[in-house]
Amino acid sequence: MWYINQSGDNVFHGGNEDWQGAARAAVLCSSFRPDVEEERIADEPVSCYNCRYRRWTAASFTCSAPDRQPAG
Amino acid sequence: MRILISIDDTDNLESRGTGALASQMARELEENGWGKSSFITRHQLLVHPDIPYTSHNSAMCFAAEIDGSFLDGIIQYASAFLARESATGSDPGLCVAVADRLDSPGSLIAFGQKAKQSIVSMEEAYAQAEQLGVHLSEHGGTGQGVIGALAGAGLRLSGNDGRLKGGLAIEAVNGRAAVRDICSHADVDEVRSLSGLILPEEETVLLVGDKVKTVLMDGKSVLLVALAEGTADRFAWRTCSKQQLKNY
């Protein structure tokens, strides 16, 4: 579900339209924290796309959660 | 006098969002008796590895009708507000533009649109602001937020960009509301389908969720609707999902 890019960031493999995948990843993540209302774009409340720690990239996002280990 | 107040880069991962600051500013402008604030819009800017945003690179902007004599005071207030309320490690920027005084509104709009497509420098933002005669200032850190602040004002001015901050509560019966009732809300001007059809006032819409979200289109706050799947009756419309609105 994740890979490490050249900068050492955790990048989500599913891109920016894998709604089910992003929801699954967030449910499994102990670091999930909902972002502010205006930045939430997924209909599933618990989704990496709605997380305060997701940092958008052109094609996906990286996870900025502190002390987070990717779920795999 | 109609002004646009736009801010960017005021937050960090732990702080209040830039939208919350914009809301507070809009509220305090009214509480101080300086004028009447309009809704706040969120404008997506370019996502690029060379741009040091915290998580989403979006600017927040609201319009206000003020008495011109309050303009300088509002700029002073907004500047002090950002310097005080912006998060540690942020790079806040403030733009205050007098919409009626812009010699070249098209240039401000073009700047906003450029910031959605390409990397823009602080120098370019300041040069543009000076040329346009709009206030642009930085209030901490690198001041990188001036780029988004100016862009946010341009995109709001275009009338064709952004989602409104917050959800709107619309009274419904069995989850449905007539377009005329939806448009009676102060912050909804029109109900339109994704294909561009403007719904007549007698049409009804299924409201999905507790609140609805509108987008800025043609200078109006528009509730976008989509065809409800599997319906053959006249209740064929439903409000768009968050996913459907993500590119606005």
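Keep in mind that this is a model prediction, so the values were computed, not measured. (Residues numbered from 1 in each chain as written. Chains lettered and ligands numbered in written order. Predicted model: local features only at pLDDT ≥ 70, side-chain atom pairs only at ≥ 80, totals over all residues.)

## Details of the overall build of chain A
Operational definition: Counting from the N terminus, the helices are the DSSP runs of H or I reaching at least four residues and the strands are the DSSP runs of E reaching at least two. Here the radius of gyration uses the C-alpha set of atoms, whereas the globule reference equals 2.2 Å times the residue count to the power 0.38. Partly exposed residues are those whose C-beta has more than 12 but fewer than 20 other C-beta atoms within 10 Å; 20 or more makes a residue buried and 12 or fewer makes it exposed, with C-beta atoms placed from the backbone. A residue pair is marked as a contact if its C-beta atoms, positioned from the backbone, fall within 7 Å.
When you go through chain A residue by residue, the secondary structure sums to one helix and four strands. Taking 72 residues into account, the globule formula puts the C-alpha radius of gyration at 11 Å, and chain A, at 11 Å, falls close to it. Each of the three principal axes of chain A carries a C-alpha extent, and together these read 30 × 25 × 20 Å. Per-residue burial for chain A yields a buried fraction of 33% across its 72 residues. In chain A, 36% of the contacts between residues at least 6 apart in sequence involve partners at least 24 apart.

## Things to note about the overall build of chain B
Within chain B, the secondary structure is distributed over seven helices and 12 strands. Scaling as 2.2 N^0.38, a compact globule of 248 residues should have a C-alpha radius of gyration of about 18 Å, and chain B matches this with 19 Å. Over its C-alpha atoms, taken along the principal directions, chain B stretches across nearly 55 × 40 × 35 Å. When the 248 residues of chain B are sorted by exposure, 45% land in the buried category. Considering only residue pairs separated by 6 or more positions, chain B has 71% of its internal contacts joining residues 24 or more positions apart.

## Focus on the interface of chain B and chain A
Selection criterion: For this classification, Asp, Glu, Lys and Arg are treated as charged, while Ala, Val, Leu, Ile, Met, Phe, Trp, Tyr, Cys and Pro are nonpolar and the rest, including Gly, are polar.
Taken together, the contact between chain B and chain A spans 17 residues of the former and 17 residues of the latter. Elements represented by at least two residues in the side of chain B that touches chain A include exactly helix H1 (18–31) and helix H7 (242–245) of chain B. When the residues that make up the side of chain B that touches chain A are grouped by side-chain class, the tally is four nonpolar, eight polar and five charged.

## A word on the packing of helix H3 (residues 105–117) of chain B against helix H5 (residues 145–158) of chain B
A pair of packed helices can be characterised by two numbers: the angle between their axes and the separation between those axes. Residue and element names in this part refer to chain B. Basically, it comes down to this: Fitted lines through C-alpha atoms serve as axes, helices being fitted only where they are in contact, and the angles separating the N-to-C directions of these axes extend from 0 to 180 degrees. A clockwise turn of the near helix away from the far one marks a right-handed crossing, whereas an anticlockwise turn of less than a right angle marks a left-handed crossing.
With their axes 7 Å apart at the nearest point, H3 and H5 run at an angle of 115° to one another. The interaxial crossing formed by H3 with H5 has left-handed handedness. Facing Pro105, Leu108, Ile109, Phe111, Gly112 and Ala115 of H3, the residues of H5 in contact are Ile147, Gly148, Leu150, Ala151, Ala153, Gly154, Leu155, Leu157 and Ser158. In the contact of H3 with H5, the residues fall into 11 nonpolar, four polar and no charged.

## Focus on the nonpolar core
We apply this condition: As used throughout, a nonpolar core is a set of buried Ala, Val, Leu, Ile, Met, Phe, Trp, Tyr and Cys residues joined through C-beta atoms within 7 Å of each other. Each domain's extent was defined by an automatic or database domain assignment.
Among the nonpolar cores identified, the biggest contains 62 residues, and B:Ile5, B:Cys95, B:Val96, B:Ala149, B:Leu150 and B:Ala153 are the most heavily contacted of them. Top contributing element to this core by residue count: H5(B), with eight residues. Counting residues domain by domain, this core receives three or more from each of domain 1 (2–163) and domain 2 (167–245) of chain B. Excluding residues within four positions of it along the chain, B:Ala153 makes contact with B:Leu4, B:Ser6, B:Cys61, B:Cys95, B:Ala97, B:Leu108 and B:Val134. Ranked by size, the runner-up nonpolar core spans 14 residues in total, among them A:Ala25, A:Ile41, A:Ala42 and A:Trp56.

## Considering the pairing of strand E2 (residues 35–44) of chain B
Residues and elements named next belong to chain B. We apply this condition: Each pair of strands is called paired provided DSSP finds at least two bridges between the two strands.
Pairing geometry for E2 and strand E3 (residues 58–66), over eight bridges, is antiparallel. Note on E3: the bridge partner recorded for Gly35 is Ile66. Relative to strand E6 (residues 163–164), E2 runs antiparallel, the two sharing two bridges. In the strand pairing of E6, Arg42 is matched with Arg163.

## Some words on the environment of B:Ser58
Residues and elements named next belong to chain B. Note on placement: Ser58 falls in strand E3. In this structure, the C-alpha to C-alpha distance between Ser58 and Asn32, residues 26 residues apart in sequence, is 27 Å. Excluding residues that lie within four positions of it along the chain, Ser58 makes contacts with Arg42, His43, Gln44 and Leu45.

## Some words on the confidence of the model for chain B
Selection rule: pLDDT is a residue-level measure of predictor confidence that goes from 0 to 100.
Looking at chain B as a whole, the pLDDT averages 95, with 98% of positions reaching at least 70. Among the prediction metrics, the complex's ipTM stands at 0.92, with pTM recorded as 0.95.

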